[in-house]
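# Fold and geometry: a report
Residues per chain, in single letters:
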Amino acid sequence: MRFSTALQAALVPALCRSDETPAPPDPEPIAITELTIPPALWNTTEGACTLDINPSGTGCLYSPSLFSGTFTPDGLSVVATGTFVGAPAAPDPAAIYNGTQLFLIKADGTTFPNGDAWRCVTCGTPAANQVGIVDMVGYPQIFRDGTKVLTGSSIVSCGDIELSSNDCTPDKVFIYPLRFSTTADDDGTGSGTPIRELRLHPDNVHLTFNSYITTSTGVLSQLALFGRLSFNETAARYDLVKVTILNNPNLASPLTINGDQLTYNRSAIVIGELRGLTGTGEEATYVGFPWESCNIDVFAVHLTTGAVRRITEHPEYPDPIAVSPDDKWQVVLDTRGSGRQEFMAAVRGVPPIIDLLATATVSSVRNNGARRFFEPYLIDHAGDRGDYFGQKLNDGTDTGPGGINDPYWNAGADPRWSSDGTKVTYYQMLALPPACGGDNPLPCEASTYADQRTMRVMVATLTSREPLPIVDVPEHADEVPWGLPYTPGMLTPDPSLGDISGGNYTLNGLSSGTADVTFTFNEANTAIQTVALTYHNYSDDALNYILGSESVTATFINATLSVLDWYSNITSTTASGEVIGTKLTSDDGFSLGVDVMYNFFQANGTLVSTVNGVSWYQPCNFC
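As a convention, each chain's residues are numbered from 1 in the sequence order in which they are written. Per-residue local features are limited, in this predicted model, to residues with pLDDT of at least 70; the limit for side-chain atom pairs, both in listing and counting, is 80 or more; totals at the level of whole chains, interfaces and linings are taken over all residues. Side-chain calculation: all heavy atoms of the structure are included, whereas hydrogens and water are not.

Under the DSSP-based scheme used, a helix requires at least four consecutive residues in state H or I and a strand at least two consecutive residues in state E, with every element numbered from the N terminus. Along the protein, the regular secondary structure elements total 3 helices and 36 strands. Radius of gyration: C-alpha atoms only; globule rule: 2.2 Å multiplied by the number of residues to the exponent 0.38. Here the protein has a C-alpha radius of gyration of 25 Å; the compact-globule value for 623 residues is 25 Å, and the two agree. Once the C-alpha set of the protein is aligned to its principal axes, its extents read approximately 75 × 60 × 50 Å. Residue burial in the protein is summarised as follows: out of 623 residues, 56% are buried. Note on definitions: a residue-residue contact is assigned when non-hydrogen atoms from the two residues lie within 4.5 Å. Across the protein, the fraction of contacts at a sequence separation of at least 24, relative to all contacts at a separation of at least 6, is 58%. Between the centroid of the 32 positive side chains of the protein and the centroid of its 67 negative side chains there is a distance of 3 Å. Relative accessibility decides the category of a residue: with a 1.4 Å probe and only protein chains considered, values under 20% of the type maximum give buried, values over 50% give exposed, and everything between is partly exposed. Charged residues are defined here as Lys and Arg on the positive side and Asp and Glu on the negative side; His and the ends of the chain fall outside this count. One atom stands in for each charge, and that atom is NZ of Lys, CZ of Arg, CG of Asp or CD of Glu.

Encoded structure:
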């Protein structure tokens, strides 16, 4: 999409693209359809899912539990997980529709042989076929042969039978846990170390995943990892082996000090959270340390060469991403259009130095508890640039309650491409209390569905596209040359942003000007406490010239919460000195605290960014 002329200058990319960058694509026709899912039920008592609610007797879904995933290889169905509730007691045949299950949803308008548009795969799986399962919730991803699904930290398998086949009966379904060992003398028992955000490599042999750690300074962080799936027949599970840490402290840092000079290296690999892999499996995608202050973006890094490319540039927040099978397109879920982050990020070209302290908190503003503000955007391979910020998949005039572009229905991770590159599926959720309503100034919207469902699955069809040929992705090497091979029991490194010492430094703009930078450490001299800058016509792009000052002091309350005391008095001008933007805190500053695990906005004072006469204000507290 292209934004209004008044906003284009606010969104000018901070770093100029090369002449080889292609012109942005024209918008294309997109048709949105909603898939039919099991009826929603809020009453979780036994027997509440009656034949009046579901005449087929094939279960009811607790609405907030839905997670949809990938298309099946033939593109005819979408895999999903959810919690079935209200089943009758055994020996009623419908008693199997209970608890967290994997199911298929028809995506082509047809039904399964029983007449339903969905089919539960794991309902009725014998207990002996699912020993040691810890987590089966979220991000279901089917293997290219259609016989297995990675979901949560488990793999659902029907042996050599496709999961969509009528021959895949519950007695033939096995659910295997995944296990990541971090202990040197591991005896192979137990569930191993918790892992999260698992994404299957298109070779179906490797995957990326994350694991929480607490740093040496007591702050929550996470490791980004790449590993191989190995079936352990004796233990009836999949082990993650030949693992590589992608946060390698031996690589070049984004920030380096040489004497009194501070430099920023934009080719540095700085992974905050892995988000998956590209369609060819050659690159890993991730949310990384920003190239512009407070502007959180998605990047891709080549698994062999380590080359980094920035995919998004918009001042809003992206996170979930799916890349097309041929790597030429990506769909990003982003808060762009909501104005959620712009009060911090609308002024472009500010270097990411206060972000040493602010990034985790800034990222956490994107949500309001369980309320998401994500919408799906189609972006070409070259990414955001100029006034091109992609095309909203569900754009249009259907913005009323329950419409496909109803702003109260927001997308959840992850969007997914069909194997032929002609369709994208995503799911949406409607905000629920306490993220809206009651004492929260953000109103709740009532569901327009008869069963009051608050989650739904959508398919965007790119109607003008020809199907891509279906190709097998070759198996990737186990090694990532620039990564750090992991050995169970090794001391894992703190993810590092550079070897920073307290003191005064000069940061030179890539185009012109300078910034005076001061790093002040805490009393124990273990961590940076304050970052302060004064800008002298600083410019990285010869488009935005930054003047004024900004400082942030962080007080760490616990591993997941820090309070930022923020003072900003920044002016952005053109080369000729014409003012195009300001970033200003109130006289008493701006104090912001957001627990990264809960994402409820709490602030005192104000921070306002104004660009070309358009002002962006912070959200109200808890909304």
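Anyway, onward from the coordinates.
This paragraph deals with the state of the cysteines. Working definition: a disulfide is two cysteine sulfur atoms within 2.5 Å of each other. Counted under the stated rule, the structure contains 5 disulfides. Put simply, C620 and C623 are joined by a disulfide, and their sulfur atoms are 1.6 Å apart. Under the relative-accessibility criterion, C623 is labelled buried at 6%. Here the disulfide map of the protein reads 1-2, 3-4, 5-6, 7-8, 9-10, the bonded cysteines being numbered as they appear in the sequence.

What follows is about unusual backbone geometry. In this chain, A90 is followed by P91 through a cis amide linkage whose omega measures 15 degrees. Along the chain, P91 falls in the loop between β4 (77–85) and β5 (99–106). In this model, A413 is joined to D414 through a cis peptide bond whose omega is 0 degrees. Assignment of secondary structure puts D414 in strand β25 (residues 409–417).

Here we come to helix α3 (residues 355–364). For α3, the tally of buried residues reaches 9 of 10 residues, placing the bulk of the element in the interior. What α3 keeps buried is the set D355, L356, L357, A358, T359, T361, V362, S363 and S364.

As a further point, take the confidence of the model for the protein. pLDDT is a residue-level measure of predictor confidence that goes from 0 to 100. Averaged over every residue, the pLDDT of the protein is 94; residues scoring 70 or more account for 97%. Here residues 1–16 is modelled with pLDDT under 50, and outside its nearest four sequence neighbours on either side it reaches 51 contacts, counting other chains as well.

Quick look at the side chain of S418 now. Relative to the assigned elements, S418 resides in the loop between β25 and β26 (423–430). Residue S418 is classed as buried on the basis of its relative accessible area, which comes to 3%. Among the polar contacts listed, one links the side chain of S418 to the backbone nitrogen of T422, at a separation of 3.3 Å. When residues no more than four places from it in sequence are discounted, the contact partners of S418 are F71, P325 and K423. Residues adjacent in sequence count toward polar contacts only when both atoms are side-chain atoms; beyond that, a polar contact is any pair of N or O atoms within 3.5 Å, and within protein one must be able to donate a hydrogen and the other to accept it.

Attention now moves to the pairing of strand β3 (residues 67–71). For β3, the buried fraction is high: 4 of the 5 residues fall into the buried class. Should DSSP find at least two bridges between two strands, the strands are regarded as paired. Judged from the 3 bridges that link them, β3 and β4 form a sheet pairing that is antiparallel. Across the sheet, the residue bridging to F71 is V78, located in β4. Connecting β3 to the antiparallel partner β4 that follows it, the hairpin turn spans 5 residues, and G75 within it adopts a positive phi of roughly 75 degrees.

Bringing the nonpolar core into the picture now. Grouped together as the largest cluster of nonpolar side chains are 88 residues, with contacts concentrated most on L262, I353, F519 and W566. When neighbours within four sequence positions are excluded, F519 is seen to be in contact with L262, I353, L356, I500, S501, G502, G503, Y505, I528, T530 and V531. What is meant by a nonpolar core is a set of buried Ala, Val, Leu, Ile, Met, Phe, Trp, Tyr and Cys residues, joined one to another through side-chain atoms within 4.5 Å. V78, A94, Y427 and M429 belong to the second largest nonpolar core, which has 22 residues in total.

Now for the sheet that holds β26. Pairing is antiparallel in the open sheet, where 4 strands are placed in the order β1-β27-β26-β25. Of all strands in the sheet, those with a lone pairing partner are β1 (30–34) and β25, marking the two edges. Taking the axes of each pair of neighbouring strands and ignoring which way they run, one obtains an average angle of 25 degrees across the sheet. Lines fitted to C-alpha atoms define the axes, with helix axes restricted to the stretch in contact, and inter-axis angles between N-to-C directions lie between 0 and 180 degrees.

Note on aromatic pairs: the rings of Phe, Tyr and Trp (six-membered ring only in Trp) are paired at centre separations within 6.5 Å, and the planes decide the class, stacked below 30 degrees, edge-to-face beyond 60, tilted for the rest. By the definition in use, this model includes 22 aromatic pairs. Pairing Y535 with Y538 gives two aromatic rings, centres 6.0 Å apart and planes at 70 degrees, and the pair type is edge-to-face. Ring-pair connections join several aromatic residues into one group, and the members of that group are F174, Y176, F231 and Y238. Lysine and arginine charges are scored as sitting over a ring when NZ or CZ, respectively, is within 6 Å of the ring centre and within 35 degrees of the ring normal. Note that R336 overlies the ring of Y377, its terminal NZ or CZ placed 5.4 Å from the centroid. When the ring centre of W329 is taken as reference, the NZ or CZ atom of R465 above it lies at 4.2 Å.

What follows deals with the pairing of strand β21 (residues 318–323). Among the 6 residues that make up β21, 6 are buried, leaving the element largely enclosed by the rest of the structure. Joining the antiparallel neighbours β21 and strand β22 (residues 329–334) is a turn of 5 residues, in which D327 adopts a positive phi near 70 degrees.

Moving on to the sheet that holds strand β20 (residues 308–310). The sheet built from 4 strands is open, its strands ordered β17-β18-β19-β20 with antiparallel pairing. Unpaired on one side and paired on the other, β17 (271–277) and β20 mark the two borders of the sheet. Here the strands of the sheet are splayed against their neighbours by 35 degrees on average, with no regard to which way each runs. Of the pairings in the sheet, the one linking strand β19 (residues 295–302) to β20 comprises 3 bridges and is antiparallel in character. Residue pairing across strands places A300 opposite R309, the latter belonging to β20. Packed onto the sheet, α3 meets β18 (283–292) and β19 and runs at close to 120 degrees relative to β18.

Within the fold, G279 resides in the loop between β17 and β18. Given the relative accessible area of 16%, G279 is considered buried. A C-alpha to C-alpha distance of 16 Å links G279 and D74, two positions 205 residues apart in sequence. Once residues within four sequence positions are removed from consideration, G279 is found in contact with P202, V323, S324, P325, D327 and V473.

With that settled, consider the pattern of salt bridges. Each salt bridge in this description consists of a side-chain nitrogen of Lys or Arg and a carboxyl oxygen of Asp or Glu lying within 4 Å of one another. Counting across every chain of the model gives 27 salt bridges. Between K242 and D478 there is a salt bridge, with the nearest N and O atoms lying 3.4 Å from each other. Of this pair, K242 sits in strand β14 (residues 237–245) while D478 sits in the loop between β27 (455–462) and β28 (484–485), and the two are 236 residues apart along the sequence. In this structure K242 comes out as exposed when scored by relative accessible area, which is 55%. In this structure, E292 and R348 form a salt bridge, with 2.6 Å as the shortest nitrogen-oxygen distance. Taken together, the residues E292 in strand β18 and R348 in the loop between α2 (342–345) and α3 connect sequence positions 56 residues apart. As far as burial versus exposure is concerned, E292 and R348 are alike and both buried. Bridged by salt links that share partners, the residues R196, E197, R199, E273, R275, D319, R366, D414 and R416 form one connected network.

Okay, a nonpolar patch on the surface next. On the surface, W42, Y62 and L432 cluster together to form a nonpolar patch covering roughly 240 Å² of accessible area. Following the sequence through the fold, L432 ends up in the loop between β26 and β27. Given the relative accessible area of 32%, L432 is considered partly exposed. Residues enter patches when their relative accessible area tops 30% and they take part in no salt bridge; the joining distance is 9 Å for like charges and 5 Å for the nonpolar side chains Val, Leu, Ile, Met, Phe, Trp and Tyr. In this description, accessible areas are obtained by the Shrake-Rupley approach with a 1.4 Å probe, and a residue is regarded as covered only by the protein chains that are shown.

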